[in-house]
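Single-letter residue listing:
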Amino acid sequence: MNAVKVGLLGLGTVGGGTATVLLKNAAEIARRAGRDIKVDFAATLDLGMAKQLGLGDDVRLTTDAFEVVNDPEVEIVVELIGGYSPARELVLQAIDNGKHVVTANKALIALHGAEIFARAEEKQVMVGFEAAVAGGIPIIKAIREGLAANRIQWIAGIINGTGNFILTEMRDKGRDFAEVLKEAQQLGYAEADPTFDVEGIDAAHKLTILGSLAFGMPLNFDATYTEGISKVSQLDVQYAGELGYRIKHLGITRRTDKGIELRVHPTLIPERRLIANVDGVMNAVLVQGDAVGPTLYYGAGAGDLPTASAVVADIVDVVRYMAIDHEHRVPVMGFKTAAIEEMPILPMEDVETGFYLRMKAVDRPGVLAEITRILSEQEISIEAFLQKEPSEGETEVNIIMLTHKVIEGRMNTALAQIEALDVITEKVTRIRWESLK
Ligand code: HSE
C-alpha cells in the first residue's frame, strides 16, 4: 500500500520534532499504523530547516502554507504554526478540501474548536489535538477513551510547563522570576507571547479543552477564570512551605450541584500529594472518576520530541480510522455530538475553596481579635496560623492564615472589611488552597 502523505505546516520546535520522530521511528510507526507515513509536503519560512532535519529531496517545500492545504496529494494536514490566524483559516481550508487535520494548537481549539469540529463533522474528516494539552501526556485519549466508563467528578492539572518551571526554581533556588522565564524561552517551552504562560492564558486554553472532554459540554474559554503566577512572591512560596504546602499553578474543573467550575490560578496543595512534587517543566493531570477513583498522568508538557510524540500518535490514529466510516469513529470530544450539553459555569463568587491569607498588620493588642471577628462573622474558620516578626527596618508583622473552605463571595466580603481596618497596612495577599483528596 502507498504511504500516507502528510502535509506539515511549520518546522519550528514542534514541527521539527514531528519530522524527526516520523523519520526516526518510521518502521515502528508503520508496524503500528499498518501503513508507512511520510512527510510529503512541508511549509516553512526557513527552507534550510528541512535539510537540517534530514528531510530528503523527495519532500516538497514551500513558504506558503495554503499550498500544502490545497495540495491534492496531501491526506493529513498537521498544523504546527500555532496562534489563531492564519491557523484557523488553514485548518478550515484543509477540512473543506476533505483532509484530516492534526494540530497542537490549544488556543485554536479552545476558541474555535466548535467551528472546526462542526466543519469536520460536515466533511466527515477527523481532527486530532492530543498535543494541545499537556504536551506528551496522552491525556485527551485517557479521558475520551480510557475513562469512558466514568462520570468524571473533577480534574486538577499542572498544564503549563513554563509556569511550573518558574515556580519550582523560585522555591528550590530562590531564583528571580524574569531570569527563569528567559531560560524557559531559550529552551523552547514558552509561548511566543510568554504572558500566555505566566498569566495563565495557555493553561486556560488547555483547561477549557479538558472541561469539555470531561463533562461533554461546549468549549467555554470565555467563562474560564484565569489568574497567573506573576504576583506569587518568594515570601509566599516560603510561608506555604512552612505550612506544609507547595504553590502550583493549577487548572481545575469540577462538577458541582450548582454548575461546573473552570478555573486557573496559583494554588497551595499539601506537599505530600504526588502532584505537589511534579517539578520543573513537567506536567501532571489528576482525574477523579466515579468508578476508577483518582488517576494521575505525568510527563513532559512541552518541548519538541515530547509534543511530537502526541502529534504522531494522532497521525497514527487518523491512519487507523481512515478506512472506517465517520459515524463509527471515536467522537472528537468523546461524547456524541448530539449529546453535548450546555452546562452552567459557576461564577468564582460561588466557588468554594480554602484560602491562604497573608496580611501586614501593625503590631499592637487587639489586631488579631479584629481580624478573627470579621472572619467569624462571615463563618470563615481558621485551619492554621503563623505570625512572623517584622522584617528589618519594618514595624508591621506578617500574619499568615489558612482558612477552611468558604464560598469565595464571603471571603471577598471579609477581605474588604479587613483591608479597611487602619491596622492593616497593605492589600491582603490571598491564594486559594485545595486538599485534592
Ligand atoms: N508554553 C507551553 C508550556 C508549551 O509551557 O507548557 C506547551 O503547551
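The coordinates are above.
For every chain, the first residue of the written sequence is number 1, and numbering continues from 1 onward in sequence order. Where local features are concerned, this predicted model is filtered to residues with pLDDT of at least 70; where side-chain atom pairs are given and counted, the filter is 80 or more; whole-chain, interface and lining totals use all residues. For the side-chain quantities, the full set of heavy atoms in the structure was used; hydrogens and water were omitted.

Novice: Would you mind going over the overall build of the chain in detail, with residue names and values included?
Specialist: The helix and strand inventory of the chain stands at 15 helices and 17 strands. By principal-axis analysis of the C-alpha atoms, the chain measures approximately 85 × 45 × 35 Å. A simple rule labels every residue: compare its accessible area, found with a 1.4 Å probe on the protein chains alone, to the largest value its type can have, and call it buried under 20%, exposed over 50%, or partly exposed in between. Burial analysis of the chain (437 residues in total) assigns 54% to the buried set. Residue contacts follow a heavy-atom distance rule, with two residues in contact if any of their heavy atoms lie within 4.5 Å. Residue pairs at least 24 apart in sequence account for 73% of intrachain contacts in the chain once pairs closer than 6 positions are excluded. Once the 44 positive and 62 negative side-chain charges of the chain are each reduced to a mean point, those two points are 4 Å apart. Strands are runs of DSSP state E lasting at least two residues, helices are runs of H or I lasting at least four, and both sets are numbered from the N terminus onward. Asp and Glu count as negative and Lys and Arg as positive, but His and the ends of the chain are not part of the count. Where a charge lies is defined by one atom per residue type: Lys uses NZ, Arg uses CZ, Asp uses CG and Glu uses CD.

Novice: Tell me about the site of the ligand, and please be specific about residues and values.
Specialist: Any residue with at least one heavy atom within 4 Å of a molecule or strand is counted as near it. What surrounds the ligand is the set Lys-106, Asn-160, Gly-161, Thr-162, Tyr-189, Ala-190, Glu-191, Asp-197, Asp-202, Lys-206, Gly-301 and Ala-302. Contact between the ligand and Thr-162: an oxygen atom at 2.7 Å from a side-chain N or O atom of the residue. A distance of 2.8 Å separates an oxygen atom of the ligand from a polar atom in the side chain of Lys-206. Residue exposure ignores everything except the shown protein chains as possible cover, and the areas themselves are Shrake-Rupley values with a 1.4 Å probe. For the ligand, whose free accessible area comes to 250 Å², the fraction covered by protein is 92%. Amino acids are sorted into nonpolar (Ala, Val, Leu, Ile, Met, Phe, Trp, Tyr, Cys and Pro), charged (Asp, Glu, Lys and Arg) and polar (every other residue, Gly among them). Taken together, the residues of the shell around the ligand break down into three nonpolar, four polar and five charged. By the criterion applied in these results, polar contacts are pairs of N or O atoms within 3.5 Å in which, for protein atoms, one can donate a hydrogen and the other can accept it, and in which residues neighboring in sequence qualify only through two side-chain atoms.

Novice: Talk me through a nonpolar patch on the surface; I want residue IDs and the actual numbers.
Specialist: Surface patches are drawn from residues lacking salt bridges whose relative accessible area is over 30%; two like charges belong together within 9 Å, two nonpolar side chains (Val, Leu, Ile, Met, Phe, Trp, Tyr) within 5 Å. Whenever Lys or Arg places a side-chain nitrogen within 4 Å of a carboxyl oxygen from Asp or Glu, that contact is recorded as a salt bridge. Taken together, the side chains of Leu-368, Ile-382 and Phe-385 make up a nonpolar region of the molecular surface, amounting to roughly 210 Å² of accessible area. Relative to the helices and strands, Leu-368 resides in helix α14 (residues 367-377). A relative accessible area of 31% means that Leu-368 is categorised as partly exposed.

Novice: Report on the side chain of Glu-130, specifying residues and quantitative values.
Specialist: Note on placement: Glu-130 falls in the loop between β6 (127-128) and α7 (139-146). The buried charged residue Glu-130 lacks any salt bridge partner; its closest oppositely charged side chain belongs to Arg-144, at an N-O distance of 5.3 Å. Beyond its immediate stretch of four places on either side in the chain, Glu-130 contacts Gly-135, Ile-137, Pro-138, Ile-139, Ile-140, Lys-141, Ala-310 and Asp-314.

Novice: Describe the pattern of salt bridges, and please don't skip the residues or the numbers.
Specialist: What the rule picks out here adds up to 36 salt bridges. Taking the shortest distance from any N to any O, the salt bridge between Arg-175 and Glu-169 comes out at 2.7 Å. Side by side, Arg-175 and Glu-169 carry an identical accessibility label, which is buried. Of the charged contacts, one joins Arg-263 and Glu-261 as a salt bridge, the two residues approaching to 2.8 Å between their closest N and O atoms. Each member of the pair Arg-263 and Glu-261 is classed as buried. Three or more residues are tied together by salt bridges with common partners; here these are Lys-141, Arg-144, Glu-145, Asp-317 and Arg-320.

Novice: Which residues make up the nonpolar core, and what values do they have?
Specialist: By convention a nonpolar core is built from buried Ala, Val, Leu, Ile, Met, Phe, Trp, Tyr and Cys residues, the set being connected through side-chain atoms within 4.5 Å. Grouped together as the largest cluster of nonpolar side chains are 55 residues, with contacts concentrated most on Ile-139, Ile-209 and Val-287. Residue contributions to this core peak at eight residues, all from helix α11 (residues 201-215). Two domains share this core, each providing at least three of its residues, namely domain 1 (4-135 + 304-339) and domain 2 (140-300). In this structure, Leu-53, Ile-76, Val-311 and Val-318 belong to the second largest nonpolar core, which totals 31 residues. These domain limits were set by an automatic method or by a database of domain assignments.

Novice: I'd love a proper account of unusual backbone geometry, names of residues and values included.
Specialist: Residues apart from glycine generally show negative phi values, whereas peptide bonds are mostly found in trans. For the bond running from Ser-85 to Pro-86, omega is 15°, close enough to zero to count as cis. Secondary-structure assignment places Pro-86 in the loop between β4 (76-79) and α5 (87-96). Positive phi, normally seen in glycine, also occurs at Gln-124, with a value near 55°. Along the polypeptide, Gln-124 turns up in the loop between α6 (106-123) and β6.

Novice: Got a sec to walk through the packing of α14 against helix α15 (residues 408-420)? Specific residues and values, please.
Specialist: When two helices pack together, their arrangement is given by the angle between the helix axes and by the axis-to-axis distance. Direction vectors running N to C along α14 and α15 enclose 155°, while the axes themselves pass 9 Å from each other. If you check the angle between α14 and α15, you find them roughly antiparallel. In this structure, the crossing between α14 and α15 has a hand that is right-handed. Within the contact between the two elements, α14 uses Ile-371, Ile-374, Leu-375 and Glu-377 and α15 uses Arg-410, Ala-414, Gln-417 and Ile-418. Across the contact of α14 with α15, the residue classes break down as five nonpolar, one polar and two charged. The convention used is that axes are lines fitted to C-alpha atoms, helices contributing only their stretch in contact, and that angles between N-to-C directions extend from 0 to 180 degrees. Any angle from 65 to 115 degrees is called roughly perpendicular, while one under 35 is roughly parallel, one over 145 is roughly antiparallel, and all others are oblique. Working rule for handedness: look at the near helix, and if it is turned counterclockwise from the far one by less than a right angle, call the crossing left-handed; if clockwise, right-handed.

Novice: Summarise the packing of aromatic side chains; cite the residues concerned and give the values.
Specialist: Note on aromatic pairs: the rings of Phe, Tyr and Trp (six-membered ring only in Trp) are paired at centre separations within 6.5 Å, and the planes decide the class, stacked below 30 degrees, edge-to-face beyond 60, tilted for the rest. This structure, assessed with the given rule, holds three aromatic pairs. An angle of 70° between the planes, with centres 5.5 Å apart, marks the rings of Tyr-245 and Trp-433 as edge-to-face. In this pair, Tyr-245 sits in strand β9 (residues 245-255) while Trp-433 sits in strand β17 (residues 429-433), placing the two residues 188 residues apart along the sequence. Note on accessibility: Tyr-245 and Trp-433 belong to one class, buried. Stacked on the ring of Phe-41, the Lys or Arg Arg-60 has its end atom at 4.2 Å from the ring centre. Cation placement over rings: the criterion is NZ of Lys or CZ of Arg within 6 Å of the ring centroid and within 35° of the ring normal. Here Arg-144 stacks its cationic end above the ring of Phe-129, 5.9 Å away from the centre of that ring.

Novice: Run through the sheet that holds strand β3 (residues 60-62), naming residues and quoting values.
Specialist: The strand order β3-β2-β1-β4-β5-β6 describes an open sheet built from six strands, whose pairing is parallel. Each end of this open sheet is capped by a strand with a single partner; those strands are β3 and β6. Note: strand β1 (residues 4-9) against strand β2 (residues 37-43), six bridges, orientation parallel. Paired with Leu-8 across the strands is Ala-42, a residue of β2. By definition, two strands form a pair when at least two bridges between them are found by DSSP.

Novice: Help me get a handle on α14, residues and values and all.
Specialist: Of the positions making up α14, those classed as buried are Val-367, Ile-371, Ile-374 and Leu-375. Mapping the buried residues of α14 onto a view down its axis gives an arc of 100°, with all of them on the same face. One or two residues past the end of α14 sits Glu-379, with phi positive at roughly 60°. What the arc describes is the spread of directions from the helix axis to the C-beta atoms.

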